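So the chains spell out like this:
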Amino acid sequence: MDHMSPRLRTFLSEPIGEKDVAWVDGVSRELAINLCTKGFNKAYILLGQFLPMHKNEAEFQKWLVCCCGATEYEVLLLPEWIILFKNGN
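Described in the following lines is the structure provided in the data block. (Residues numbered from 1 in each chain as written. Predicted model: local features only at pLDDT ≥ 70, side-chain atom pairs only at ≥ 80, totals over all residues. Heavy atoms only, no water.)

### Remarks on helix α3 (residues 43-50)
Then step 1. Restricting attention to buried positions, one finds in α3 the residues Ala43, Leu46, Leu47, Gln49 and Phe50. Along the axis of α3, the buried positions cluster into a sector of 155°, meaning they face one direction only. (Buried < 20%, exposed > 50% of the residue type's maximum accessible area, 1.4 Å probe, protein only. Helix = DSSP H or I, 4+ residues; strand = E, 2+ residues; numbered from the N terminus. Arc of directions from axis to C-beta.)

### Quick look at the packing of α3 against helix α4 (residues 57-68)
Then step 1. Two elements in contact, α3 and α4, have axes whose closest approach is 9 Å; the angle formed by their N-to-C orientations is 125°. In terms of orientation, α3 and α4 fall into the oblique class. Across the interface between the two elements, Leu46, Gln49 and Phe50 of α3 pack against Glu57, Phe60, Trp63 and Leu64 of α4.
Then step 2. Per-class residue counts for the contact of α3 with α4 are 5 nonpolar, 1 polar and 1 charged. (Axes fitted to C-alpha atoms, helices over the stretch in contact; angles between N-to-C directions. Parallel < 35°, antiparallel > 145°, perpendicular 65-115°, else oblique. Contact = heavy atoms within 4.5 Å. Nonpolar A, V, L, I, M, F, W, Y, C, P; charged D, E, K, R; others polar.)

### With respect to the pattern of salt bridges
Two side chains bearing opposite charge may form a pair once their charged atoms approach each other closely.
Then step 1. The full count for this structure, using the stated rule, is 2 salt bridges.
Then step 2. A salt bridge links lysine 42 to aspartate 20, with the nearest nitrogen and oxygen atoms 3.1 Å apart. Of this pair, lysine 42 sits in the loop between α2 (29-37) and α3 while aspartate 20 sits in the loop between α1 (6-12) and α2, and the two are 22 residues apart along the sequence.
Then step 3. Take aspartate 20: its relative accessible area is 37%, and that puts it in the partly exposed class. (Salt bridge = Lys/Arg side-chain N within 4 Å of Asp/Glu carboxyl O.)

### Quick look at the environment of isoleucine 82
Then step 1. Residue placement: isoleucine 82 occurs in helix α5 (residues 72-86).
Then step 2. Judged by its relative accessible area of 0%, isoleucine 82 is buried.
Then step 3. Remark: the alpha-carbon pair of isoleucine 82 and glutamate 57, spanning 25 residues in sequence, is separated by 9.4 Å.
Then step 4. Those residues in contact with isoleucine 82 that sit more than four places away from it in its chain are Leu47, Phe50 and Phe60.

None of this, on its own, says anything about what the molecule does.
Take a look at the structure:
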């Protein structure tokens, strides 16, 4: 937990609710625009995309790069957020 960024800590400190995908740690402005364009405008929708992939981080990272234009830095941070969120922090 000590390695969490302040942004991730803030994001995880309250229910996901209707948070925009732009609030997710590691999502740049450009990636947020790409995700919104593809219908992934809420954090819970992005989390939901991970589940049909059988919680496979490598597959999720590949999808983020190929389909959403994520950078290498972004794909490293996003699975961490999802795993921490699923585990209840």
